[in-house]
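# Residue-level structural notes
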Amino acid sequence: MDPMIQLTAAQMAAKLRAGEITSVELTQAHLRRIEQVEPTINAFLHVNAEEALETAAGVDKIRAAGGAEAEKLHPLAGVPIAIKDLIVTKGQPTTAASKMLEGWMSPYDATVVEKIRAARLPILGKTNLDEFAMGSSTEHSAYGVTRNPWDTERIPGGSGGGSAAAVAAFEAPLALGTDTGGSIREPAAFTGTVGTKPTYGGVSRYGAIAMASSLDQIGPCARTVEDAALLHELIGGHDPKDSTSLPDPVPAFARAAAEHDVAGKKIGVIKQLSHGEGYQQGVLDAFHSSLESLKEAGAEIVEVDCPSFDYALGAYYLIMPSEASSNLARYDGVRYGKRVLPDDGPLTIERVMAATRAAGFGPEVKRRIVLGTYALSAGYYDAYYGSAQKIRTLIQRDFDRAFEQAEVLICPTAPTVPFKLGEKLDDPLKMYLNDIATIPANLAGIPGINVPGGLSEGLPVGIQFLAPAREDIRAYHAAGALEHLLGEKGEAIWQQIPELEEVH
Ligand code: GLN
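Computed from a predicted model, the values in this text were never measured in an experiment.

## Comments concerning the sheet that holds strand S2 (residues 81-84)
With mixed pairing, 11 strands are arranged side by side in an open sheet as S1-S3-S2-S4-S6-S5-S10-S11-S9-S7-S8. The outermost strands of the open sheet, each flanked by one partner alone, are strand S1 (44-47) and strand S8 (300-304). Neighbour-to-neighbour, the strand axes of the sheet open up by a mean angle of 30°, direction not taken into account.

## Some remarks on the site of the ligand
Within the structure, the ligand sits among 15 residues, and Thr-180, Gly-181, Ser-183, Tyr-316 and Arg-368 are positioned closest to it. One nitrogen or oxygen atom from the main chain of Gly-181 is found 2.7 Å from an oxygen atom belonging to the ligand. The separation between an oxygen atom of the ligand and a polar main-chain atom of Gly-182 is 3.3 Å. Partitioned by chemical class, the residues of the shell around the ligand number 5 nonpolar, 7 polar and 3 charged.

## Overview of helix H3 (residues 49-65)
Look at H3: 24 Å from first C-alpha to last across 17 residues, which is about the 24 Å you get at 1.5 Å a residue. For H3, every residue scored as buried is listed here: Glu-51, Ala-52, Ala-56, Val-59, Asp-60 and Ile-62. Where H3 is buried, its residues touch helix H2 (23-41), helix H4 (67-72), helix H5 (111-118) and strand S3 (123-127). Gly-66, located one to two residues past H3, shows a positive phi value of around 70°.

## A short note on the side chain of Asp-227
Within the element layout of this structure, Asp-227 appears in helix H8 (residues 225-235). Within polar-contact distance, the side chain of Asp-227 engages the backbone nitrogen of Ala-9 at 2.6 Å. Contacts of Asp-227, omitting those with residues within four sequence positions, involve Thr-8, Ala-9, Ala-10, Leu-174 and Ala-222.

## Considerations on the nonpolar core
Ranked by size, the top nonpolar core spans 132 residues in total, and within it Phe-132 and Phe-465 carry the most contacts. Among the elements that make up this core, the one with the highest residue count is helix H11 (residues 312-327) (9 residues). Filtering out sequence-adjacent residues up to four positions away, Phe-132 remains in contact with Leu-86, Ala-96, Ser-98, Met-100, Leu-101, Ile-209, Met-211, Leu-328, Tyr-331, Phe-361 and Val-365. Within the second largest apolar cluster, 17 residues are counted, among which are Ala-43, Ala-175, Ile-184 and Leu-500.

## Side note on unusual backbone geometry
Backbone torsion omega between Gly-158 and Ser-159 reads 5°, so that peptide bond is classified as cis. At Arg-120, a residue that is not glycine, the phi angle is positive and equals roughly 65°. Summarising the element assignment, Arg-120 is placed in the loop between H5 and S3. Given a relative accessible area of 33%, Arg-120 falls into the partly exposed group. We note that Phe-170 has phi near 65°; this positive angle belongs to a residue other than glycine. With respect to the helices and strands, Phe-170 occurs in the loop between helix H6 (161-168) and strand S4 (174-178).

Calculation notes
Residues numbered from 1 in each chain as written. Predicted model: local features only at pLDDT ≥ 70, side-chain atom pairs only at ≥ 80, totals over all residues. Heavy atoms only, no water. Pairing = 2+ DSSP bridges. Helix = DSSP H or I, 4+ residues; strand = E, 2+ residues; numbered from the N terminus. Axes fitted to C-alpha atoms, helices over the stretch in contact; angles between N-to-C directions. Near = heavy atom within 4 Å. Polar contact = N/O pair within 3.5 Å; in protein donor to acceptor, adjacent residues only side chain to side chain. Nonpolar A, V, L, I, M, F, W, Y, C, P; charged D, E, K, R; others polar. Expected span 1.5 Å × (residues − 1). Buried < 20%, exposed > 50% of the residue type's maximum accessible area, 1.4 Å probe, protein only. Contact = heavy atoms within 4.5 Å. Core = buried A, V, L, I, M, F, W, Y, C linked by side-chain atoms within 4.5 Å.

Shape is all these values report; function is a separate question.
Encoded structure:
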């Protein structure tokens, strides 16, 4: 493997600035890696070498010319990036990993993509996901599963398995994801990478294909906390095109991630998310040794009680399908993407819609549309959707109380290491249970980061830090500190990934 692609994004950026490498060389090296490993990993649904190299050549030209233009280049200019195929891009297809949008080209860029283009990061392509971001394993993609580069018989997490696997397998140093119930953090946990779900409204959602609008959030995927922080700084900030966008200026996340000082900081272990049924011993062992490291560095570990979290999963799987059933009504064979005509009988609009939706959506998407439609139906609204919204409030209150006792909260990001392909595919409930630790943050709108916390049987274990809304900086600070503390004990987790050739 080319050593150039094994650097962090920050190191790549420094070498580009120093003129030690060019963006074209760096982009080509990633494209070669993509060509080499994609037959096994399948992280990308679309690769656009031409566009990426064009952007790269543009950066190199500006840098070579020097002067004010070169000075003005964004610090990450020339560092390649991959984008989850739920985020719309002009000139590259956007499918949401669904047959419904097969071949669809967006006429506009998402705000985050506009920012990435303005900063001149070569866009390598679009990454795989569970169809319309519904899933925890990327097995629900209509275009084949993405394999975990740590063990190709295992899933990379989901829904953003493509972005996480691409970053872990050195196909891209940076990627964008979306997180509605954990789709950035859980794949990061399962691939030994870093992923952030920002505060709701902290990053514009304009151009993210809507799944559940009150929960969806775009965020960064990277190999280190610093890299995630740098990308977050680039994509964050107010956007008038997103009515839920916060007016806040973007804080210096990367600087906070580099502080590493946790002495005297109170870190709250969430009682409900740190033991019990479903938690693998290896995950708990890595979690406890992470806690030990933080304690040795002077952090004060306290336990916080969040009793309503027991109902979080139930509330999420009512609210999310309800919003999704409404958001996905637009795929009707009339306005967007695919249109399928019924085989026989009259050609009414209802029958065209039915034929289109029957053919265009996969089984998980249909399951959730049915669930959501049922939960919102007049006779059941109060019993299901209304109750779930009440639980949501209780969860927010649990967080408020917990943050009175601790500056950040901590728990394993997922109860298990990455599972085997097919292991949970036929049992939706088992698949849903996997999201137990990531969902509360979406319900409360607060930020969360996954940072690698060790290995269990050679597979990555993720640790999640949670902070109050608008305090993403606290999560970066804590995650940066843990990464640093574990790094002092040996190689970083992402550097310990086996050579793909050796993976079975
Ligand atoms: N795994 C969760 C789900 O299936 C989360 C998905 C997401 O965050 N997009 O709903």
